[in-house]
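Observations on the three-dimensional arrangement
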Amino acid sequence: MSFFVFLTIGAFFISMICGFIAIPYILNYCKDKKLYDLPNARKIHRIKVPRLGGVAFMPSMIVASLIALFVLKHEYQSQRIEINLWSLYFMISLIMIYSIGLIDDLFGLSANIKFVIQVIAASLLPAAGLYINNLYGLFGIYEISFWIGAPLTVLIIVFIDNAMNLIDGIDGLCASLSLLALCGFLYLFWREGLVVYCIIIAGLAGVLIPYLYFNLFGQIEKGMKIFMGDSGSLTLGFILGFLFVKFTMDNKAVMPYCDDRLVMSYSLLIVPTFDVVRVVIHRLKTHRPLFEADKNHIHHKLMNIGLNMHQTLMVILLFAVSFLVLNNVLYLLTSINVVFIADIFIYTLFHLTINLINSHKKREESLA
């Protein structure tokens, strides 16, 4: 077991080193080609910033994972590392998502084209036999058929993918929430003894450290700050969606049945996914186009009440961690439905409190 720990930690550090090597080169390339994320009325930043940081994510993950898996194979000659249909289709799907993100960062793509590619990429997984087949009692539903689970899987993967893309609105937020979720999935897959998945997760988590360093602490004046772009956020979102489905699927040939799979998986992604639902409901309520960008996301609302960018990041991360702690405790005492209702109540109360503070602040400013 200690050797597997060594491999997982090794994948993390190899990926981290790859990121620290690659990102400065990406920064220089962005400067040479003038590839910047330009400020506008919707965005927080006011200075142009290089936008291709996410290009380093998938290559760093793959390099780190392949090295770790090669060492595993060499050390355990009898250890079989199979490339099954799930793995093959996942890699094809991931390359598709990474590619459309990169093309969008370089040249721009319409939302419709990106959505179609996301649906096609997500559809490959049920085609390979990987789909949500059990809701573990949510809404009183347990086992579901392929014909229900397959479209539900596509919907959930595309939903998570776009949620991570939309939450990427301030420095460090998408990467930090992704890192938190990856650490959670690392624990869950380690609990089930699926070392290969742990290595892959660690390989992706590692590259987020150098990205966060340059994104949060890189000085704009010295040209050392970078954004991840769609190549990063879409890649992170798709992998998190895949991990969600993989861990949630009830497949006794891979993992023994455990009734906490769904609640543990969705608890890792509450903040970005609930935020998208809230924003969509708000747009429907105010009769605004669903795909029109606005400044009504959770990070925008927190900054409106006077928090700076780093304070907003810390509040949202603490909020996400609070859900993890709460859901683990509640699930031991109650059921998944009670947990789900409690999450909705707390999330709604949180936003109503922000709205109240913001209204009070505006009233004070109007009287001043």
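Just above, that's the structure.
As a starting point, this report considers the structure included with it. Fair warning: this is a prediction, and the values are worked out from it, not measured in the lab.

Analysis parameters
- Numbers given to residues run from 1 along each chain, matching the order in which its sequence is written.
- This being a predicted model, a pLDDT of at least 70 is required before a residue's local features are given, and a value of 80 or more before pairs of side-chain atoms are given or counted; all residues contribute to the totals for chains, interfaces and linings.
- Based on all heavy atoms of the structure, the side-chain values leave hydrogens and waters out of the count.
- Runs of E in the DSSP output that reach at least two residues are strands. Runs of H or I that reach at least four are helices, and both are numbered from the N terminus.
- Only C-alpha atoms enter the radius of gyration, while the globule expectation follows 2.2 Å times N to the 0.38, with N the number of residues.
- Each residue's exposure class comes from its accessible area (1.4 Å probe, protein chains only) as a fraction of the maximum for that residue type: buried when under 20%, exposed when over 50%, partly exposed otherwise.
- Residue contacts follow a heavy-atom distance rule, with two residues in contact if any of their heavy atoms lie within 4.5 Å.
- Computed with a 1.4 Å probe, the accessible areas rest on the Shrake-Rupley method; for each residue, only the protein chains presented here act as cover.
- Asp and Glu are treated as the negative residues and Lys and Arg as the positive ones, with His and the ends of the chain left uncounted.
- Where a charge sits is defined by one atom per residue type, namely NZ (Lys), CZ (Arg), CG (Asp) or CD (Glu).
- Residues belong to one nonpolar core when they are buried, are Ala, Val, Leu, Ile, Met, Phe, Trp, Tyr or Cys, and are joined through side-chain atoms within 4.5 Å.
- Every helix has an expected span of 1.5 Å times one less than the residues it contains.
- Two aromatic rings from Phe, Tyr or Trp, using only the six-membered ring of Trp, form a pair when their centres are within 6.5 Å; if the ring planes differ by under 30 degrees the pair is stacked, by over 60 it is edge-to-face, and anything between is tilted.
- A ring has a charge above it when a Lys NZ or an Arg CZ is no more than 6 Å from the ring centre and no more than 35 degrees off the ring normal.
- Salt bridges are counted wherever a side-chain nitrogen of Lys or Arg sits within 4 Å of a carboxyl oxygen of Asp or Glu.
- For every element, the axis is a line fit to its C-alpha atoms; helices are fit only across the contacting stretch, and the angle between N-to-C directions ranges from 0 to 180 degrees.
- Our angle categories are set so that under 35 degrees counts as roughly parallel, over 145 as roughly antiparallel, 65 to 115 as roughly perpendicular, and the remainder as oblique.
- Helix crossings get a hand from a simple test, with the near helix turned counterclockwise from the far one by less than a right angle marking a left-handed crossing and a clockwise turn marking a right-handed one.
- Just so you know the grouping, Ala, Val, Leu, Ile, Met, Phe, Trp, Tyr, Cys and Pro go in nonpolar, Asp, Glu, Lys and Arg go in charged, and all remaining residues, Gly too, go in polar.
- Within 3.5 Å is the distance limit for a polar contact, defined as a pair of N or O atoms, with the added protein rule that one can donate a hydrogen and the other accept it, and that residues adjacent in sequence qualify only through two side-chain atoms.
- Patch definition: residues above 30% relative accessible area lacking any salt bridge, with like charges linked at up to 9 Å and the nonpolar side chains Val, Leu, Ile, Met, Phe, Trp and Tyr linked at up to 5 Å.
- The disulfide definition used here is simple: a pair of cysteine sulfur atoms within 2.5 Å.

Considerations on the overall build of the protein
- From N to C terminus, the protein includes 13 helices and two strands.
- Over its C-alpha trace the protein gives a radius of gyration of 21 Å, about what one expects of a compact globule, namely 21 Å for 368 residues.
- When each of the 368 residues of the protein is scored for burial, the buried share is 51%.
- Taking as baseline every contact in the protein between residues at least 6 positions apart, the subset at least 24 positions apart corresponds to 73%.
- Total accessible area on the protein stands at roughly 17,400 Å², and carbon and sulfur atoms take up 70% of it.
- If the 26 positive side-chain charges of the protein are averaged to one point and the 22 negative ones to another, these points end up 7 Å apart.

Some thoughts on the nonpolar core
- Within the largest apolar cluster, 99 residues are counted, with the highest numbers of intra-cluster contacts made by L177, F185, F189 and F244.
- The element best represented in this core is helix 7 (residues 195–217), accounting for eleven residues.
- Excluding its chain neighbours within four sequence positions, the residues that come into contact with F189 are L194, Y197, C198, I201, L243, K246 and F247.
- Judged by nonpolar contacts, the second largest core, of eleven residues, contains L7, A64, V195 and I199.

Re the side chain of N133
- Along the chain, the position of N133 falls in the loop between helix 4 (111–127) and helix 5 (146–166).
- Setting aside chain neighbours within four positions, we find N133 in contact with Y142, E143, I144, M249 and D250.

Remarks on the environment of G203
- Tracing the backbone through its elements, the reader meets G203 in helix 7.
- Between the alpha carbons of G203 and G140 there is a distance of 37 Å; along the sequence they are 63 residues apart.
- Here G203 is in contact with A11, S15, S60, M61, A64 and S65, once residues within four sequence places are set aside.

Let's talk about unusual backbone geometry
- Phi is positive for K34, which is not a glycine, with a value near 55°.
- With respect to the element layout, K34 can be found in the loop between helix 1 (2–33) and strand 1 (36–37).
- In this structure, Y136 is a non-glycine residue whose phi angle is positive, near 55°.
- Considering the arrangement of structural elements, one finds Y136 in the loop between helix 4 and helix 5.
- The buried category is assigned to Y136, whose relative accessible area is 3%.

Some remarks on helix 8 (residues 229–248)
- Compared with the 28 Å implied by 1.5 Å per residue over 20 residues, the 29 Å span of helix 8 between its first and last C-alpha is a close match.
- The buried fraction of helix 8 is high, at 20 of 20 residues.

A look at the packing of aromatic side chains
- Evaluated as defined, the whole model comprises 24 aromatic pairs.
- With 6.4 Å between their ring centres and 90° between their planes, F274 and F340 make a pair best called edge-to-face. One end of the pair, F274, is in helix 10 (residues 270–285); the other, F340, is in helix 13 (residues 336–367), with 66 residues separating them in the sequence.
- Chaining the aromatic ring pairs together yields one cluster made of F139, Y266, F274, F319, F323, F340, Y347 and F350.
- Sitting over the ring of F247, R261 keeps its end group 4.9 Å from the ring centre.

A short note on the pattern of salt bridges
- Tallied over the entire structure, the rule returns eight salt bridges.
- Linking D171 and K225 is a salt bridge whose minimum nitrogen-to-oxygen distance equals 2.5 Å. In this pair, D171 is assigned in the loop between helix 5 and helix 6 (173–191) and K225 in the loop between helix 7 and helix 8, connecting sequence segments 54 residues apart. Here the two residues D171 and K225 agree in accessibility, since each one is buried.

Looking at the packing of helix 4 against helix 8
- Axis separation between helix 4 and helix 8 bottoms out at 12 Å; the angle between their running directions is 30°. Between helix 4 and helix 8, the crossing angle belongs to the class labelled roughly parallel. Judged by the sense of rotation from one axis to the other, the crossing of helix 4 with helix 8 is right-handed. Residues K114, Q118, A121, A122 and L125 of helix 4 lie in contact with helix 8, whose contacting residues are D230, L234, F238 and F242.
- Broken down by class, the residue content of the contact of helix 4 with helix 8 amounts to six nonpolar, one polar and two charged.

Describing the side chain of K246
- If you trace the backbone, K246 turns up in helix 8.
- A relative accessible area of 4% places K246 in the buried class.
- Among the polar contacts listed, one links the side chain of K246 to the side chain of Y197, at a separation of 3.5 Å.
- Apart from the residues lying within four places of it in its own chain, the contact partners of K246 are W86, L130, F189, Y197, V254 and M255.

Points about a nonpolar patch on the surface
- Taken together, the side chains of V321, V325, V329, L332 and L333 define a hydrophobic patch exposed on the protein surface, amounting to about 510 Å² of accessible area.
- By secondary structure assignment, the location of V321 is in helix 12 (residues 309–333).

A look at the state of the cysteines
- A full pass over the atoms with the stated rule returns zero disulfides.
- Free of any disulfide, C18 has its nearest cysteine sulfur in C30, 18 Å distant.
- Since its relative accessible area comes to 21%, C18 is described here as partly exposed.
- A disulfide-free cysteine, C198 has its sulfur positioned 12 Å from the sulfur of C183, the nearest such atom.

Spatial relationships are all this shows, so hold off on functional conclusions.
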